[in-house]
Every structure is written in C-alpha cells, then in structure tokens.
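# Secondary and tertiary structure notes
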Amino acid sequence: MSIRVENIQRSFGAFKALDGVTLDFPTGELVALLGPSGCGKTTLLRIIAGLDFADSGRILLDGEDASSTHVRERKVGFVFQHYALFRHMTVFENVAFGLRVKRKDRPADKVIRAKVTELLKLVQLDWLADRYPSQLSGGQRQRIALARALAVGPSVLLLDEPFGALDAKVRKELRRWLRRLHDELHITSIFVTHDQEEALELADRVVVMNRGKVEQVGAAEDVYSNPATPFVYEFLGAVNEFRGNVVGEGLQVGTDVIPQVGRGFGNGQQVVGFARPHELDIVVDHANTNIGVPARVSRILSFGPVARIELSRLNGGGQTTEQQYEVQLPAQRLAELQLTTGQAVRLLSSRLRLFDQGSVK
Amino acid sequence: MAGVASHAFGSSAHAARFERNPAAREPAAVKWLIITVSMLFFAAFLLLPLYAVFSEALRKGWQAYWEALVEPDAVASMRLTLLAAAIAVPLNLVFGIAAAWAIAKHDFRGKHVLITLIDLPFSVSPVIAGLVYILVFGAQGWFGPWLSEHDIKIVFAVPGIILATIFVTVPFVARELIPLMQAQGREEEEAALVLGATGWQTFFRVTLPNIKWGLLYGVILCNARAMGEFGAVSVVSGHIRGQTNTMPLQVEILYNEYNFAAAFAVASLLALLALVTLVIKTVIEWRLGREPHPIGAP
C-alpha cells in the first residue's frame, strides 16, 4: 500500500509537533523517519496509524482519504518501542490475538494455529510459544511484537523506535534481521529512529525531520553526502565548523585561509563551512603561512585502523580557544605525521560544504 | 488505602540485602525491640479482643450459640446485611472500574474533582453520610413529601440502608485500580486496537485480565466494609427489629439488652468474616507477588 500525507499540522497546546508535513511513502519501500527527540516523527507515525489525529491535513492510503477511517480498518501493523506485549498471555496467544478478535471471517482454530506457528518460525522463536513475555529478553520481545503485528496481514508496517530499548549488540543484529525480513515480505514499512546510523544502514529512503518540519528526503548515501541544510549536516554525523567569509575561491577564517572552490557564493559573503572528520587533513608545518586554520592537538585516540585526533583552535596570539575540531586519519598517515599531544598544526580541507550564515542557528 | 497492595511486595529482597550486609545492618537489639513492640501492640489491641469475642460467644456452650444465630431477628439481620452487600458491591465494582478507567486512561476537565470526590467517603464521618440521606429523603427532607405521596420509603427502610452502604464503600474499588491502571499505561490497549479489537474485546481480553487481582482485592475490602458498616447505616436504619437491622446494628441492640451471649454470637460471625477476608487478601497478595512481572518498564 502506498501512503501519502498532505500538509499535516498537529499542535499540543502551544507546541507545534508537526508543521505542514507532506510526504510520499511508495509501496514496498522501507523508509526511516529520522530526527532528534521532539521533532514530531513519532507523532507523524501515530497519525498514520490512527492512534493520533492531525489538526489539519490529509492521510491518503492507496490514494484514498483515510483521515476518518478507524484504526481497526486501516490494516496497519504497529510495533511499539516498549513492545506492548500482552503480559498475561503466552507468546502464542499474543501472536494469535489479532486473528482471534476478528468478528467476520475469523479463521478456524486449526488455521490460527498454523498461521501463528508459521509467524513464530519466521521470527525464529517458535520454541518460545508457551512462554510469557516477562520470560523473554528485549530482542525476543521485539521480534514477538513484530510477529504479532504481521499476523493480521497488514498492508503497512509502522515501527516506533523499534530498537530503542535494546543494547547496542542486539540492536545491530535485529537491524540486519529486519532488513532481510523486509526484503522477503516487501511490506511498505516506516520506522522512526533518532539514531542516524540505524536509519542510514537500514532504510531505502531517509526522511530527516526537525521541529515538526521535513528537512530532507532521499536515499541514505544522498542524504549523507549531500545534506540539504546545516541541520541535516550536523545531525548525520560528527562535523567541524568554520565560520568566515568568502574570499575569491577560498574561505577566510580570521586571518587564515582555507583554499577551496567556492560554490555559488559571492566575494565577502558570510558563510559557515562544514567538513566531516575524515574530510580534514593536518599539516605539521604551521609557521610562516596563513594557509589552513591553526589548532593545537589535545588528544590522540590511535586504536583501530582509523585514528581520531581532537584539536582546539588557536587564536591570533597562539592561545587555544573554546572551538574544538575532530580529525580522522588512517593509522598509517598518523604514523607519518608523528603527531604529539600539545603540538601546534594547521587544518586543511579539500571538501568544505558552505551554507549561508543566516541559515545556521 | 490505595497502594497498600503494591507497597507490600518487592521490598523483602531489599530488606534482606541490608540485613545480611554488616556495613548496613542495625544493631540486633533495635530490630528485636521494634518487632517486640509491634507484636505486643497487635496482640493487646487486636488478638485479645478477637479472642474475647469468641470466648464470650461460646460461654454458654455451642447449643446457646447456635440458638442465638438462628433466632429470627438475627437471621433477618444477616439477610439484610447480605442483601446490602450484594447490591452495593457490584455497583461499586462497575463504578470503580469506570472511574478508574476514566481517571487513568483519559484526560478531561474536572479529573481532580472526581479524584477528590471518590475520596470523600473516607474523609467524612459515616454519621454525617447517614444524616445527609435523612435530610434529602427523610419525612422533613427535600424529597420527603413527594416520596410519601408516592408511597416510597427510603429512610428507615431497606433502600436507605443500601444507599448508605454504597456511600461508605465508594472509594474501595476505584482507589485500588487507579494507581494500577496508571502504572500500566495505554500501550497494550493501543496494541489491541491496532490489531483490530473492538472496545469490548479490548476491555475483556486485555484490560480486565491485567487488573483482575487488584480488582478482586478492592472487591473483598469493599465487601468487608459493606457488611461491617455501622455509623451511616445506624442513622438511616430506624432500628426496626427484623426489618431494618443489619448485623452490626443487631449486635448493638442485643448488647444494650444485656443479652451478651447472643450479641457476641452475632459479633463472632462478623469477626469470622474479617478473618476470611484477611485470608483471601493474603492469598491475593501472594498471587500478585508471583504474577509475571510488568514488562517493558522504561
């Protein structure tokens, strides 16, 4: 089923949870709603499910206005962050619930049994059928919750921070498993998360939201490498920030210059340049030049194949300032540079992305 | 009242952790002193009277005891007490669930007023409650003339007793359920809804099973109070023998007539009821403690 939301507005008192959101979710795709807490992503998911309502705007399911369709008739499967399993029922009965409460054409007991067993096999937990939810681990509970949602044959699967309450290792396993499951079943799925890694790794498309508005929609690599707004850039990973003005083809920061190709900005314009840690390079020879931003190495984390170097910016007089930078270098490059803590260096970037200063908070 | 059930469990593990830890342990003398004080107190003020009731009731032997119980006025009082409880308890059950549901799962204006009102019978003296009914339904009361015109008797009759009983027992079920339902939240009901369950199906398959032990706990407390209530019922009863006397009132009348053996015989039934209630309550608490634990608590 395809989903379209049009110009959704939703306020809680003076707080605008959703401010004119319009989105398309094509059939069969796995889409992530990504944003910081309070950005409205869960509210949007609940509105699509029918568990919440929009003050104005429309929800179209398969092209038909569903704004006044009851939750029961929307054919959605919903997976809650804290599982919401029925605590007094066994795993089997939890999964069977959606089939047992059907009033018209309720399947026979035999059919229900077969269907539930099949679903439990699908989530690889058929050996837990007689347990109670309290006897399961978090990851198992969430898989049961998913099996329960799938039992009613939903056309849409909505997942609200499905891995939010799990520890890092289980989260990673479940993520891969969910992706495989989606590739098998091809149900239109939307999941909410505040974890950018999760969204980028799992989803066909990522919708980045902030303060009730959509910031950017696109494929994972698209959103990551071409962020449309400063918010998206900062939200999707560690970032280094250089404020200054455009001079010719370079960016002037204080008395220093980062040479780079200026794109679409006029001479003298106030801009902010962003660079990811791996897009910065360190130059050891720092004196007698104004190429590169001066900084002092404050910490070197050299475990693993990629080394992380933390630096503080130096002002004109050579004192360290509040502004921090982070650089990622291959371990080999770190060895070549022979950096030591406290050393003064200069930072250069081949790949600065510029935004107008007015668009940054 | 509320929360008694929930606070009783889960603390024992904590206590043991302190007890076995020499760094946190209090001197043994303190422990035994407070245990002795509380035991002596309960023995003197609770067990002794209980013993007195049964020994007085049986002073003239089992024969006299039995005769006191099957005496027609005594039987009538038992019948009335059972009737009042049989009406008041189910009404409070329905009202309690409705009120607890409204308060725990919905937001509305006047929610705090409702919570306060539910507690009112706890804070008002039962005698006042009885007097209110006389003022409203009595011969000189607001509806008195209209009621007597239509030949309906409320005060000094069975309906008055039932009304008074309902009044004093209102909080029991609701107070027990509100914290329980608030703690459980709405998620399981939302899950049922998304899975296609109707309101009734959600209530009977999800909500009710989750609150059943708390509900039963509230109901037995409610029942104990309904059968044991004296003050409010005494005011509206009129003390008509064989007609408007409940068991507690019957005990008083017999006692005032110096018929001690009979008075204590009827009283022993009430004491027995209290004991049975305690046993059921203990069993429920034990069950509650063993229930599959609440899951997914954030």
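Given the structure is predicted, the values throughout are model-derived calculations rather than measurements.

Before going further, it helps to examine the sheet that holds strand β6 (residues 76-79) of chain A. Residue and element names in this part refer to chain A. In spatial order, the strands read β6-β7-β8-β3-β9-β10; together these six strands make up an open sheet with mixed pairing. Since the sheet does not close on itself, it has two edges, and those belong to β6 and β10 (213-219), each with one partner. Across the sheet, the mean angle from the axis of one strand to that of its neighbour is 15°, orientation sign disregarded.

What follows concerns the pattern of salt bridges. Tallying each qualifying case throughout the model produces 34 salt bridges over all chains. The residue A:Lys16 makes a salt bridge to A:Asp19 at a minimum N-O spacing of 3.8 Å. Residue A:Lys16 is classed as partly exposed on the basis of its relative accessible area of 44%. B:Lys105 serves as the salt-bridge partner of B:Glu189, at 2.8 Å between the closest nitrogen and oxygen. One end of the pair, B:Glu189, is in helix α11 (residues 187-194); the other, B:Lys105, is in helix α5 (residues 72-105), with 84 residues separating them in the sequence. Take B:Glu189 and B:Lys105: they sit in the same class, and that class is buried. Connected through shared salt-bridge partners, A:Arg4, A:Glu6, A:Asp24, A:Arg58 and A:Asp65 make up one network.

A few words now on the packing of helix α4 (residues 61-70) of chain B against α5(B). All names here are of chain B. Viewed as axis vectors pointing N to C, α4 and α5 meet at an angle of 60°, and their least axial separation amounts to 5 Å. One finds that α4 runs oblique with respect to α5. Counting all contacts with α4, which are made through Ala68, Leu69 and Val70, the residues of α5 involved are Pro72, Ala74, Val75 and Met78. Along the lines of polarity and charge, the residues of the contact of α4 with α5 split into seven nonpolar, no polar and no charged.

With that settled, the discussion passes to the pairing of strand β4 (residues 56-61) of chain A. Residues and elements named next belong to chain A. Here five bridges tie strand β1 (residues 3-12) to β4, and the two strands are oriented antiparallel to one another. Of the residues in β4, the one forming a bridge with Gln9 is Ser56. Linking β4 back to strand β5 (residues 64-65) in an antiparallel pair, the connection comprises two residues, with Asp62 at a positive phi of about 55°.

Here we come to empty space enclosed by the protein. All names here are of chain A. Summed over all chains, the structure comprises five cavities of 30 Å³ or more. In this structure, the largest cavity encloses a volume near 60 Å³. Taken together, Val79, Gln142, Arg143, Leu146, Leu159, Pro162, Phe163, Leu174, Trp177 and Leu178 make up the lining of the largest cavity. Contributions of two or more residues to the lining of the largest cavity are made by α4 (138-151) and α5 (168-185). Within the lining of the largest cavity, the residues separate by chemical class into eight nonpolar, one polar and one charged. Along its surface, the second largest cavity is lined by Leu157, Leu178, Leu181, His182, Leu185, Ile187 and Ser189. Broken down by element, the lining of the second largest cavity gets its largest block of residues, four residues, from α5. Taken together, the residues of the lining of the second largest cavity break down into five nonpolar, two polar and no charged.

Cut-offs applied
Residues numbered from 1 in each chain as written. Chains lettered and ligands numbered in written order. Predicted model: local features only at pLDDT ≥ 70, side-chain atom pairs only at ≥ 80, totals over all residues. Heavy atoms only, no water. Pairing = 2+ DSSP bridges. Helix = DSSP H or I, 4+ residues; strand = E, 2+ residues; numbered from the N terminus. Axes fitted to C-alpha atoms, helices over the stretch in contact; angles between N-to-C directions. Salt bridge = Lys/Arg side-chain N within 4 Å of Asp/Glu carboxyl O. Buried < 20%, exposed > 50% of the residue type's maximum accessible area, 1.4 Å probe, protein only. Parallel < 35°, antiparallel > 145°, perpendicular 65-115°, else oblique. Contact = heavy atoms within 4.5 Å. Nonpolar A, V, L, I, M, F, W, Y, C, P; charged D, E, K, R; others polar. 1 Å grid on protein atoms, 1.4 Å probe; cavity = no way out; pocket = protein on both sides within 12 Å on 5 of 7 lines; lining within 4 Å. Points joined across faces, edges and corners; volume = space filled by probe spheres on them.

The quantities given are spatial measurements derived from coordinates; they are silent on function.
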